[in-house]
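Spelled out from the first residue to the last, the chains are:
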Amino acid sequence: MSTPLKIDFVSDVSCPWCIIGLRGLTEALDQLGAEVQAEIHFQPFELNPDMPSEGQNITEHISEKYGSSAQESQATRARIRDMGAELGFAFRTDGQSRIYNTFDAHRLLHWAGLEGLQYNLKEALFKAYFSDGQDPSDHATLAIIAESVGLDLKRAAEILASDEYAAEVREQEQLWVSRGVSSVPTIVFNDQYAVSGGQPAEAFVGAIRQIIREAR
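Residues numbered from 1 in each chain as written. Predicted model: local features only at pLDDT ≥ 70, side-chain atom pairs only at ≥ 80, totals over all residues. Heavy atoms only, no water.

Colleague: For the sheet that holds strand 1 (residues 3-11), give the residues involved together with the corresponding values.
Modeller: One open sheet accounts for four strands, arranged 2-1-5-6; its pairing is mixed. On the outer flanks of this sheet lie strand 2 (36-44) and strand 6 (193-196), each paired with one strand and no other. Shown here is a sheet whose adjacent strand axes are inclined to one another by a mean of 20 degrees, direction ignored. As defined by bridge partners, strand 1 adjoins strand 5 (residues 186-189) across four bridges and the pair is classed as antiparallel. When the sheet's bridge partners are listed, I7 is paired in strand 5 with F189. Strands in contact with helix 1 (residues 16-32) are strand 1, strand 2 and strand 5; relative to strand 1, the strand with the most contacts, it is inclined by about 170 degrees. Its contacts with the sheet place helix 5 (residues 118-131) against strand 1 and strand 2, and it is angled at close to 55 degrees to strand 2. (Pairing = 2+ DSSP bridges. Helix = DSSP H or I, 4+ residues; strand = E, 2+ residues; numbered from the N terminus. Axes fitted to C-alpha atoms, helices over the stretch in contact; angles between N-to-C directions. Contact = heavy atoms within 4.5 Å.)

Colleague: Break down the pattern of salt bridges for me, citing the residues and quoting the values.
Modeller: Under the counting rule described, the total for this entry stands at eight salt bridges. E35 serves as the salt-bridge partner of R209, at 2.7 Å between the closest nitrogen and oxygen. Placement of the pair is R209 in helix 9 (residues 201-215) and E35 in the loop between helix 1 and strand 2, with a sequence separation of 174 residues. Take R209: its relative accessible area is 34%, and that puts it in the partly exposed class. (Salt bridge = Lys/Arg side-chain N within 4 Å of Asp/Glu carboxyl O. Buried < 20%, exposed > 50% of the residue type's maximum accessible area, 1.4 Å probe, protein only.)

Colleague: Before we move on, could you go through helix 1 and cite the residues and values that matter?
Modeller: For helix 1, built from 17 residues, the straight-helix expectation of 24 Å at 1.5 Å per residue is met to within 8% by its first-to-last C-alpha distance of 25 Å. Counting buried residues in helix 1 gives 13 out of 17 residues, a clear majority hidden from the surface. Just beyond helix 1, the residue with positive phi is G33, at close to 55 degrees. (Expected span 1.5 Å × (residues − 1).)

Colleague: Residue-level account of the nonpolar core, with values.
Modeller: Counting 39 residues, the largest nonpolar core has L25, F189 and I208 as its most contacted members. Counting only elements with at least two residues in this core, the list comes to strand 1, helix 1, strand 2, helix 5, strand 5 and helix 9. Sort the elements by how many residues they give to this core and helix 1 lands first, with eight residues. Excluding its chain neighbours within four sequence positions, the residues that come into contact with F189 are L5, K6, I7, L25, V195, F204, I208 and I211. L108, W111, A156 and Y165 belong to the second largest nonpolar core, which has 21 residues in total. (Core = buried A, V, L, I, M, F, W, Y, C linked by side-chain atoms within 4.5 Å.)

Colleague: So, helix 2 (residues 58-66): which residues are in play, and what are the values?
Modeller: Burial in helix 2 covers these residues: I58, T59 and H61. Buried residues of helix 2 fall within an arc of 160 degrees about the axis and therefore sit on the same side. Residues of helix 2 that are buried make contact with strand 3 (56-57), helix 3 (70-86) and strand 4 (98-99). Downstream of helix 2 by one or two residues, G67 has phi in the positive range, about 80 degrees. (Arc of directions from axis to C-beta.)

Colleague: Let's hear about the environment of S53: which residues, and what values?
Modeller: Of note, S53 is situated in the loop between strand 2 and strand 3. Among all residues touching S53, those that are not within four sequence positions of it are Y100 and S137.

Colleague: Any details on the pairing of strand 6? Residues and values, ideally.
Modeller: On any regular strand, side chains alternate: one points to one face of the sheet, the next to the other face. Of the pairings in the sheet, the one linking strand 5 to strand 6 comprises four bridges and is antiparallel in character. By the bridge assignment for strand 6, V188 is matched with A194. Linkage of strand 5 to strand 6, two consecutive antiparallel strands, is achieved through a turn of three residues, within which N190 is found at a positive phi near 50 degrees.

Colleague: Let's hear about the packing of helix 1 against helix 9: which residues, and what values?
Modeller: Closest axis-to-axis distance for the helix 1/helix 9 pair is 8 Å, and the angle between their directions is 55 degrees. When the interaxial angle is binned, helix 1 and helix 9 end up oblique. Seen along the crossing, helix 1 lies across helix 9 with a hand that is right-handed. Together, G21, G24, L25, E27, A28, L29, Q31 and L32 of helix 1 and A201, F204, V205, I208 and R209 of helix 9 make up the contact between the two elements. (Parallel < 35°, antiparallel > 145°, perpendicular 65-115°, else oblique. Left-handed = near helix turned anticlockwise from the far one by under 90°.)

Written out as structure tokens, the structure reads:
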């Protein structure tokens, strides 16, 4: 018998650990197969809500925010690049990459959820930023990415040119912060159980099987 599993994946599109966590989760769900009937909802979280439109150099940003040296940042990127390669994802960020504001990307993701294409858009946004070096705050870029996964280009542009879904995204952001989410990815199962960080598939398999046992 398949157990229903609601999954809220709280994340940001500029978070490399969120990709690693998502790949670990989807691999776990593949391994579990018919044991669960999972439904993933991507929930918004902004790592840098005050980031200006022009963005900031990644090395400079990480130094200011976390106190990391350029060498430490480079070593972390290399580690993430290796982990991504093992999971089939190409991280191509370097010391000249930039961090951008992601609020408008979250507005598009909210809309994509209503259209049944949220997962597709999330993956496309990750690839656009981390693999292709694109700016996830640029409206023209976002609209083209939306179109690439089957969303309407004109409608995407209309949403981005307005404040549509801004209130909904802010409300969701505040909700998850109020529930104690302070870092991403945070993956919440059935509104009760949380797993944090870019965990491997086996960690998710163990957690989900424990949830299934407790639900019976």
